[in-house]
Amino acid sequence: MTDLGLPDTIVSCLFDLDGVVTKTAVVHAAAWKEMFDAFLRERDGEDFRPFDSGADYDEYVDGRPRADGVRTFLASRGIELPEGDPDDPPDAATIHGLGNRKNELLLEKIRTQGVEAYEGTLRYIEAVRAQGLSTAIVSSSANTRDVLRSIDAEHLFDVRIDGVVAAERKLPGKPHPDTFLAAARDLGVEPSGAAVFEDALAGMDAGRAGRFGYVVGVDRVGQTDALYRHGADVVVKDLAELGGKA
């Protein structure tokens with residue numbers, strides 16, 4: 001292992017955004033809960049079963065593209081809705097409409113609460129780059145570029161594969177490995193030479209499915225065992241634990 005806490009075969013690092021680089025996972029969870037609870041209350045009345053921002057978020061929506069998260073959670077409750085179109089208004093009772101409502105709530109929360117970075121992660125990325133490893137940000141969020149700019153971190157990544165790029169290239173999102181594989185290709189490296197850094201179970205699944213050289217689980221919410229079960233080679237609470245200059 002190198003002093004970055006990585007196998008010496010690793011030449012590139014692929015980082016998720018929410019929960020790894022930025023402290024926005026909790027904001028995402030709150031936006032999902034607000035959107036789903038309003039939908040379920042209107043559908044089922046005051047006796048509705050609320051969205052659990054812990055278990056439901058981790059299992060069905062965390063790390064997935066927005067529409068996939070809506071679809072997967074609703075399926076867990078036996079609810080079917082029309083797909084609709086990506087530009088559906090946020091009050092439309094469609095998969096895309098609910099997803100757009102969630103995004104509207106998320107952006108409102110980001111505007112009012114701001115975005116905060118994990119300083120340990122930023123220092124670790126700087127240490128990675130100082131040692132000559134290439135870096136990519138890989139996120140299902142369509143707001144990735146704006147979030148990175150808000151924390152002055154866009155320059156830390158050689159490649160960006162986010163919700164916008166995935167839609168342009170028609171890449172399926174996590175738990176499929178395609179977005180991480182695209183980042184590796186854009187960096188010019190084989191998956192075996194890249195490390196994946198993820199906090200979501202779907203991200204762990206993607207790292208394992210893509211046969212990446214090393215998969216680092218970042219446990220921000222007490223799910224170490226689950227991260228290992230879903231494919232992590234190592235789990236840390238902060239990337240500072242891996243070494244380098246973090």
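Below: a short report on this structure. (Residues numbered from 1 in each chain as written. Predicted model: local features only at pLDDT ≥ 70, side-chain atom pairs only at ≥ 80, totals over all residues. Heavy atoms only, no water.)

## Here we look at the side chain of Asp 16
Turning to step 1, where the next piece is worked out: Within the secondary structure, Asp 16 sits in the loop between β1 (12-15) and α1 (25-44).
Turning to step 2, where the next piece is worked out: Taking the relative accessible area as the measure of exposure, Asp 16 reaches 6% and is therefore buried.
Turning to step 3, where the next piece is worked out: A polar side-chain atom of Asp 16 sits 3.1 Å from a polar atom in the side chain of Lys 174.
Turning to step 4, where the next piece is worked out: With residues up to four places along the chain from it excluded, the contact list for Asp 16 reads Val 21, Ile 137, Val 138, Ser 139, Lys 174, Phe 197, Glu 198 and Asp 199. (Helix = DSSP H or I, 4+ residues; strand = E, 2+ residues; numbered from the N terminus. Buried < 20%, exposed > 50% of the residue type's maximum accessible area, 1.4 Å probe, protein only. Polar contact = N/O pair within 3.5 Å; in protein donor to acceptor, adjacent residues only side chain to side chain. Contact = heavy atoms within 4.5 Å.)

## Description of unusual backbone geometry
Turning to step 1, where the next piece is worked out: Of note, the bond from Lys 174 into Pro 175 is cis; its omega dihedral lies within 30 degrees of zero at 20 degrees.
Turning to step 2, where the next piece is worked out: With respect to the helices, strands and loops of the structure, Pro 175 is situated in the loop between α7 (163-169) and α8 (178-187).
Turning to step 3, where the next piece is worked out: Here the phi dihedral of Asp 152 falls at roughly 55 degrees; this positive angle occurs in a residue that is not glycine.
Turning to step 4, where the next piece is worked out: Tracing the backbone through its elements, the reader meets Asp 152 in the loop between α6 (144-150) and β3 (159-161).
Turning to step 5, where the next piece is worked out: Residue Arg 211 is not a glycine yet carries a positive backbone phi of 55 degrees.
Turning to step 6, where the next piece is worked out: Relative to the elements of secondary structure, Arg 211 occurs in the loop between α9 (201-209) and β5 (214-218).

## As for the nonpolar core
Turning to step 1, where the next piece is worked out: Ranked by size, the top nonpolar core spans 31 residues in total, and within it Leu 6, Phe 15, Val 21, Tyr 124, Phe 197, Val 216 and Leu 239 carry the most contacts.
Turning to step 2, where the next piece is worked out: Those elements giving two or more residues to this core turn out to be β1, α5 (119-130), α6, β4 (194-198), β5 and β6 (234-236).
Turning to step 3, where the next piece is worked out: Look past the residues within four positions of Phe 197 in its chain and what remains in contact with it is Leu 6, Cys 13, Leu 14, Phe 15, Asp 16, Val 20, Tyr 124, Val 216, Leu 239 and Leu 242.
Turning to step 4, where the next piece is worked out: Judged by nonpolar contacts, the second largest core, of 23 residues, contains Trp 32, Phe 73, Ile 79 and Leu 105. (Core = buried A, V, L, I, M, F, W, Y, C linked by side-chain atoms within 4.5 Å.)

## A word on helix α3 (residues 66-76)
Turning to step 1, where the next piece is worked out: For α3, the full list of buried residues reads Ala 67, Gly 69, Val 70, Phe 73 and Leu 74. All buried residues of α3 fall inside an arc of 160 degrees around its axis, so they share one side. (Arc of directions from axis to C-beta.)

## What to know about the pairing of β1
Turning to step 1, where the next piece is worked out: Residues Ser 12 and Leu 14 point to one face of β1 and Cys 13 and Phe 15 to the other, with burial holding for every one of them.
Turning to step 2, where the next piece is worked out: Taken together, the four bridges between β1 and strand β2 (residues 134-138) define a ladder with parallel strand orientation. Residue pairing in the sheet places Cys 13 in a bridge with Thr 135 of β2.
Turning to step 3, where the next piece is worked out: Across four bridges, the pairing between β1 and β4 is parallel. What sits directly across from Cys 13, in β4, is Ala 195. (Pairing = 2+ DSSP bridges.)

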